[in-house]
Amino acid sequence: MLKTMFKALAATLLLFSGALTAAPEVVELNRVIAVVDETVITERALERRLERTKARLSRQMSELPADNLLRRQLLEQLISERLQLERAKLAGLHINDEDLNSTIANIAAENGLSLQQYGELMASQGLPFAQLREQIRNEMLIAQIRQVEVSNRIAISGDELQLFLQSRAAQENRNVEYLISHILIAVPEAASPRQLAEAKGRAEALRGELLGGADFATQAITQSDGGQALEGGSLGWRGAAQLPSLFGDEVLEMKVGEISPLLRSPSGFHILRLDDKRGEERHMVQQVRARHILISPNALVSPEEAYRRIKSLRERILQGADFAELARAHSEDPGSGNNGGDLGWADPSIYVASFQEALAKLQPGQLSEIITSPFGLHIIELLGRREHDNSEAVRESQARRALFGRKYEEALESWLRRLRDEAYVEYRLEG
């Protein structure tokens, strides 16, 4: 019933606005150009998005695509956003003003601007502060619903991670990153043979134009159904392992500037271009090896008594007593006490601030003064410093992130396609 009422309201608004424009000296109402389930998208919203997009693209491209082609892409973007926001509303998600204000302030700070300067900059680019707040609130809501509907449903097992680490992409190209551009010609989730054939024909024709010298970024902006269409199809710099699994093996065989053959996925037909590639340096980190003795005040040991004990232990070590034996006998750190107080090789940033500061002042073999931390009182001996190649640990961490990212992109694409296929969308955009 509500859907029918909204359709009727949209139709009434459209007819009413048309009637008004026919009369002399009457301003046309904000025309409805699409009905999305129980909401509408207006011409004014699309034109505002078009103006901002053209301003951004003009800084990146010498020649802009035609307005009608940009409008088509932007309308699809607005429809997708509207569907995600409606899903967030149904899930009971909301962004309070405090979180919104904090996010806007952080964005301004990241750009080296005050909140007022950031607002003025956005206003100069055609985005008044009230609209900016609403846009950022919507982006936060979309991020939240994607977290709930997509991210939280992705799991990575240990076996899966190890298998991924042994893959060709992870093994052979872990020190290389690729700059990829991408075009997607989408198909519905349950596409008919005719729909598949039409999409494939469109993709083949587009690939032919690209091979003939057509500008990839322009074609992506005007033709691609992918999420990065309005960025010229650019996926940014990624390792092969960070690319969707469909792309990984193909990219390894491509030369810079090369256009891929058509790649088929459940989402449709993909065309890739390898824009560039670069090497990656080893991950060297500074590590320290230290040992310590901890004495903690408690219900039975007063702060004064704890200080007396740690001071006595420090004096005994300075007089030649064995640090490790005293640590085993007296330290209250269960993790290191049984190991003679040895903390092993570690990045100093893992320690609390007072511990880090003490380590920074020590030379190997030196004993610290008495140090206070939230855990109690310490004496520390620095055993050594080294530069450590942390590439393997970094590689595993990156592999986990890459595997998550790969799964996330595929799951997000599938989720967005289902939202779109299940929605009622009526177009009223002319031209």
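Residues numbered from 1 in each chain as written. Predicted model: local features only at pLDDT ≥ 70, side-chain atom pairs only at ≥ 80, totals over all residues. Heavy atoms only, no water.

## Quick word on the overall build of the protein
Right, so step 1: Within the protein, the secondary structure is distributed over 15 helices and 11 strands.
Right, so step 2: Pairs at least 24 apart in sequence give 70% of the contacts found in the protein among residues at least 6 apart. (Helix = DSSP H or I, 4+ residues; strand = E, 2+ residues; numbered from the N terminus. Contact = heavy atoms within 4.5 Å.)

## Overview of the sheet that holds strand β5 (residues 263–265)
Right, so step 1: The antiparallel open sheet is built from four strands, whose spatial order is β4-β3-β6-β5. Of all strands in the sheet, those with a lone pairing partner are β4 (234–239) and β5, marking the two edges. Sheet twist, expressed as the average angle between the axes of neighbouring strands with direction ignored, equals 40°.
Right, so step 2: Across five bridges, the pairing between strand β3 (residues 176–186) and β4 is antiparallel. Bridging across to β4, I180 finds its partner in G236.
Right, so step 3: Relative to β5, helix α11 (residues 245–252) is tilted by about 165°, and along the sheet it contacts β3, β4, β5 and β6 (268–279). (Pairing = 2+ DSSP bridges. Axes fitted to C-alpha atoms, helices over the stretch in contact; angles between N-to-C directions.)

## Focus: the environment of V148
Right, so step 1: With respect to the helices and strands, the residue V148 is situated in helix α6 (residues 129–149).
Right, so step 2: Given the relative accessible area of 36%, V148 is considered partly exposed.
Right, so step 3: Residues V148 and L93, 55 residues apart in the sequence, show an inter-C-alpha distance of 9.9 Å. (Buried < 20%, exposed > 50% of the residue type's maximum accessible area, 1.4 Å probe, protein only.)

## Overview of the packing of helix α3 (residues 67–90) against α6
Right, so step 1: The interhelical angle for the contact between α3 and α6, taken along N-to-C directions, is 70°, at an axis separation of 9 Å. Between α3 and α6, the interaxial angle falls into the category roughly perpendicular. Considering how the two elements wind past one another, α3 and α6 form a crossing that is left-handed. Contacts between α3 and α6 involve E81, Q84, L85, R87 and A88 from the former and N138, L141, I142, I145, R146 and E149 from the latter.
Right, so step 2: Broken down by class, the residue content of the contact of α3 with α6 amounts to five nonpolar, two polar and four charged. (Parallel < 35°, antiparallel > 145°, perpendicular 65-115°, else oblique. Left-handed = near helix turned anticlockwise from the far one by under 90°. Nonpolar A, V, L, I, M, F, W, Y, C, P; charged D, E, K, R; others polar.)

## Quick word on the pairing of β6
Right, so step 1: Note: β3 against β6, 11 bridges, orientation antiparallel. Bridging from a neighbouring strand, L179 pairs with D276 of β6.
Right, so step 2: Direction of pairing for β5 relative to β6: antiparallel, over a ladder of three bridges. Paired with S265 across the two strands is G268, which belongs to β6.
Right, so step 3: Two successive antiparallel strands, β5 and β6, enclose a turn made up of two residues.

## Observations concerning the pattern of salt bridges
Right, so step 1: The tally for this structure, following the rule as stated, stands at 22 salt bridges.
Right, so step 2: Between D97 and R137 there is a salt bridge; the shortest N-O distance is 3.0 Å. On the criterion of sequence distance, the pair formed by D97 in helix α4 (residues 97–110) and R137 in helix α6 is long-range, its members being 40 residues apart.
Right, so step 3: The shortest N-O distance in the salt bridge between E160 and K407 comes to 2.7 Å. Placement of the pair is E160 in helix α7 (residues 158–165) and K407 in helix α15 (residues 391–422), with a sequence separation of 247 residues.
Right, so step 4: One network of salt bridges, with partners in common, ties together R87, E149 and R153. (Salt bridge = Lys/Arg side-chain N within 4 Å of Asp/Glu carboxyl O.)

## Re the confidence of the model for the protein
Right, so step 1: Here the protein shows a mean pLDDT of 84. Residues at 70 or above account for 88%.
Right, so step 2: Low pLDDT, under 50, characterises residues 1–28; the predicted model gives this stretch 25 contacts beyond four residues in sequence or across chains. (pLDDT = per-residue confidence, 0-100.)

## Some points on empty space enclosed by the protein
Regions of empty space are outlined by a rolling probe, equal in size to a water molecule, passed over the atoms.
Right, so step 1: Within the structure shown, the criterion is met by one cavity of 30 Å³ or more.
Right, so step 2: The calculated volume of the largest cavity comes to roughly 30 Å³.
Right, so step 3: Lining the largest cavity are V36, D37, E38, T39, R82, L83 and E86.
Right, so step 4: When its residues are assigned to classes, the lining of the largest cavity shows two nonpolar, one polar and four charged. (1 Å grid on protein atoms, 1.4 Å probe; cavity = no way out; pocket = protein on both sides within 12 Å on 5 of 7 lines; lining within 4 Å. Points joined across faces, edges and corners; volume = space filled by probe spheres on them.)

## As for α6
In an α-helix, one full turn covers 3.6 residues, which means residues spaced three or four apart are oriented alike.
Right, so step 1: The first and last C-alpha atoms of α6 sit 30 Å apart over 21 residues, in line with the 30 Å expected at 1.5 Å per residue.
Right, so step 2: If you check which residues of α6 are buried, you get L132, R133, I136, R137, M140, L141, I142, I145 and E149. (Expected span 1.5 Å × (residues − 1).)

## As for the sheet that holds strand β1 (residues 32–36)
Right, so step 1: Pairing in this open sheet of three strands is antiparallel, and the strands run β2-β1-β11 from one edge to the other. Of all the strands in the sheet, just β2 (39–42) and β11 (425–427) have a single pairing partner and so form its edges. The sheet shows a mean angle of 20° between the axes of neighbouring strands, taken without regard to direction.
Right, so step 2: One ladder, built from four bridges, connects β1 with β2; its direction is antiparallel. Within the sheet, the bridge partner assigned to V35 lies in β2 and is V40.
Right, so step 3: Across the sheet, helix α2 (residues 43–58) touches β1 and β2, and the angle it forms with β2 is around 50°.

## Here we look at the packing of aromatic side chains
The geometry of two aromatic rings is summed up by the distance between their centres and the angle between their planes.
Right, so step 1: Counting across every chain of the model gives two aromatic pairs.
Right, so step 2: A centroid spacing of 4.9 Å and a plane angle of 40° characterise the contact between Y351 and F355, whose relative ring orientation is tilted. Accessibility classification places Y351 together with F355 in one group, the buried group.
Right, so step 3: Positioned over the ring face of F269 is R264, at 5.1 Å from the centre of the ring.
Right, so step 4: Between the NZ or CZ atom of R278 and the centre of the ring of W237, over which it lies, the distance is 4.0 Å. (Phe/Tyr/Trp six-rings, centres within 6.5 Å; stacked < 30°, edge-to-face > 60°. Lys NZ or Arg CZ within 6 Å of the ring centre and 35° of its normal.)

## Looking at the side chain of R314
Right, so step 1: Here R314 is to be found in helix α12 (residues 303–318).
Right, so step 2: Since its relative accessible area comes to 15%, R314 is described here as buried.
Right, so step 3: A polar side-chain atom of R314 sits 3.5 Å from a polar atom in the side chain of E369.
Right, so step 4: For R314, the residues in contact, after removing those within four places along its chain, are L367, S368, E369, I370 and I379. (Polar contact = N/O pair within 3.5 Å; in protein donor to acceptor, adjacent residues only side chain to side chain.)

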